[in-house]
Amino acid sequence: MRLSDTAHGPGPWPLTAERDDAGVLHVGGVALTDLARRHGTPLWVVDEDDLRERCRRYRAGFPGVEVAYASKAWCTTGILQIVEEEGLLVDVVSGGELHTALVAGVDPARIVLHGNNKSLAELDRALERGVGRIVVDSFEELDRLEKLAAERDTVATVWLRITPGIDAHTHEYVRTGHDDSKFGFTLSLGLADRAITIARDLVHVDVVGIHAHIGSQIFGTDPFVANAEVALDLLARWRDQHGVTLSELNLGGGMGIRYTHEDHPVEVARYGEAVLRAVDERCARHGLERPRLVVEPGRAIVGPSTLTLYEIGTIKTLPGLRTYVSVDGGMSDNIRPALYDAEHEVALANRTGAEEPMSTTVVGKHCESGDLVREHAALPSDVAVGDLLAVAATGAYTESMASNYNRLPRPAAVLVRDGQVRTLIRRETLDDLVARDVDLR
Ligand code: LLP
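Quick caveat: nothing in here was measured; it's all calculated off a predicted structure. (Residues numbered from 1 in each chain as written. Predicted model: local features only at pLDDT ≥ 70, side-chain atom pairs only at ≥ 80, totals over all residues. Heavy atoms only, no water.)

Peer 1: I would appreciate a short explanation of the state of the cysteines in the present structure.
Peer 2: Throughout this description, disulfide means a covalent bond between two cysteine sulfur atoms. One pass over the structure, following the stated rule, counts 0 disulfides. Cys75 provides the cysteine sulfur closest to Cys55, a residue in no disulfide bond, and the two sulfurs are 14 Å apart. Cys55 gets classed as buried once you look at its relative accessible area, which sits at 0%. (Disulfide = S-S within 2.5 Å. Buried < 20%, exposed > 50% of the residue type's maximum accessible area, 1.4 Å probe, protein only.)

Next up, the structure:
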C-alpha cells in the first residue's frame, strides 16, 4: 500500500513509500529494515523520485517562471546537484551555503545570494565568482557593494529586498513579510523608496528587480496573492515616481507542506495559477510588462521527500499519565518540535503492529525535557524496544539545523531510488566530534 495516498487522504510520506505484505515500510524500492541494518540509525532516507517530482511540479505549476531552490532548507552537495539537474536556480544565504553550491558544481550565474548581514568577504566572493543575483537587504550593503564592485571593476546585479507589510499567519519565528522584521527595506516606513533613490545613482550596482518573501509554512493562496499585488503596485509606482523600470520580480518561497494528515496544503498548481493571475491582472492594470518572475521554495521541494529512521531504545509507562517512547536521536537531528511546536507524523517502519493504537509521547535521547519528537503519537499498543520508527517530512530544516548537542554524532543521509541506495552524507564519527578541539595537555 502506498503511504503517500491512504484511505484517510494524502499522507505526509514520500511518494514511493509503501508497506510490503509483512508490514515493512519501503522507500524507493528499499526496505527500511535493510537500510537500518546497513547504514545504522538515526538515518535520513531521501526518496529521489519524490524530490525530483517536487521540482518538476513546481516548474509545471509556474510556467514561464524561474524556480530557485532555497538551499537553507537542506544544503548539501548531492541535494543541490539534483535540484540543479531539475533546472532550478539555487538560493544561498551565507558563505557556507555559497561554498557548498560552488563545490556541488552549480553554475554561479544560477546562484542567488541572500542574507540580512552579509560580510564583506561573502559579498566579495559572490562578485569574484560571478553569482547571478545578489539580494540587497540594507543601506550598508548598497554601500559595500558599490565599493567592492568598483574595486573589481565590475557591476553587481541586484534585487532590492522589500518588506511588503504582509502578516502571514504562520509561526512567529518564520514570518518575514510584516513591517517589524529584520529583513529588507520596509515599504510602509519609506525605506524601500529611499533605497531605490540611493541605488539608482550608484555606478557599480545595477538594480534589476525586487524581492519580497513573506514567511514560511503558509497555507492558502491569499497571502501570496497579496504579496504579488503589493510588489507589482510598487514596480508601477517606482516607474511613475522615480522613472525606474525594473524587469525582475522574486516572490519568495513559503508554501506549506503536509507534516501530518491534519495538514491540507494547496497544490502547487493552484498556488501558481492564483499568483500568476494576480500578476497578470496587476500588470494589465498598471500597463506593465510581466516581469521576469522567480519563486524561491525550500521546504516544498525537499521537505516531503525525506523521512528519519530511528530505533526505539526505551519505553517508560507512567500509569494514568503517559507512555514515553525514546528514540536514538532527537533535537540534535530535528529541532523543529522544540523550536516551533512542529508536529511530524510517525509510524513503525519494521511492522504495522497491533491494530489497537495507543497515544504515546515520542522523545529523543537528549538531556532536556523539551527534546520532543512527537507528542500524542498514535503507535501500536505492542510497540517494543528495537522497533524502528519513521518520522515523516523531515527533508527541510532538520539536517540544515542539526547540532551536536550532547555530542551526538550527526546522522547519515541516503538517497534511494529503484532499489538502489547512494550515500548523500556519511555518518559523523566520534573522532569527527573532537576533530576541532584543541588538546591543552
Ligand atoms: N526565501 C527566503 C528569503 C527565505 O527566508 C526562506 C525561508 C525561503 C525563501 C524558503 O522558504 P520555504 O519555501 O522553505 O518556506 N526553520 C524553519 C523555516 C525557516 C524559513 C526561513 N526562510 C522551519 O523549520 O520551519
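Peer 1: What is the right way to read the pattern of salt bridges from this model?
Peer 2: Charged atoms that come close allow side chains of opposite charge to pair. Across all of its chains, the model carries 30 salt bridges by this definition. Close ionic contact of Asp50 with Arg54 constitutes a salt bridge, the shortest N to O distance being 2.8 Å. Taken together, the residues Asp50 and Arg54, both in helix 2 (residues 48–61) and 4 residues apart, mark about one turn of the helix. A relative accessible area of 18% places Arg54 in the buried class. (Salt bridge = Lys/Arg side-chain N within 4 Å of Asp/Glu carboxyl O. Helix = DSSP H or I, 4+ residues; strand = E, 2+ residues; numbered from the N terminus.)

Peer 1: Any chance you could explain helix 7 (residues 191–199) here in plain terms?
Peer 2: Owing to its 3.6 residues per turn, the α-helix brings residues three or four apart onto one side. Along helix 7, the residues classified as buried are Ala192, Asp193, Ala195, Ile196 and Ala199. For helix 7, the buried positions fall inside an angular range of 160 degrees around the axis, keeping them on one side. Looking at the buried positions of helix 7, the neighbouring elements they touch are helix 6 (139–151), strand 11 (156–163), strand 12 (185–186), strand 13 (205–211) and helix 8 (222–242). (Arc of directions from axis to C-beta. Contact = heavy atoms within 4.5 Å.)

Peer 1: Looking at this model, I keep getting lost on the site of the ligand. Mind explaining?
Peer 2: Taken together, 19 residues sit near the ligand, with Ser216, Glu296, Arg336, Tyr340 and Tyr397 positioned nearest. Summarising the interface, the protein chains cover 91% of the accessible area of the ligand, which totals 580 Å² for the free molecule. Among the residues forming the shell around the ligand, the class breakdown is 6 nonpolar, 8 polar and 5 charged. When residues of the shell around the ligand are assigned to domains, at least three map to each of domain 1 (5–47 + 304–433) and domain 2 (114–297). (Near = heavy atom within 4 Å. Areas by Shrake-Rupley, 256 points an atom, 1.4 Å probe, with all protein chains shown as cover. Nonpolar A, V, L, I, M, F, W, Y, C, P; charged D, E, K, R; others polar. Domains from an automatic or database assignment.)

Peer 1: For this particular structure, what's the right way to read the domain arrangement of the protein chain?
Peer 2: Size of an interface, as often reported, equals the accessible area lost when the parts are brought together. The domains assigned to the protein chain are domain 1 (5–47 + 304–433) and domain 2 (114–297). Summarising the inter-unit geometry, the C-alpha centres of domain 1 and domain 2 are found 36 Å apart.

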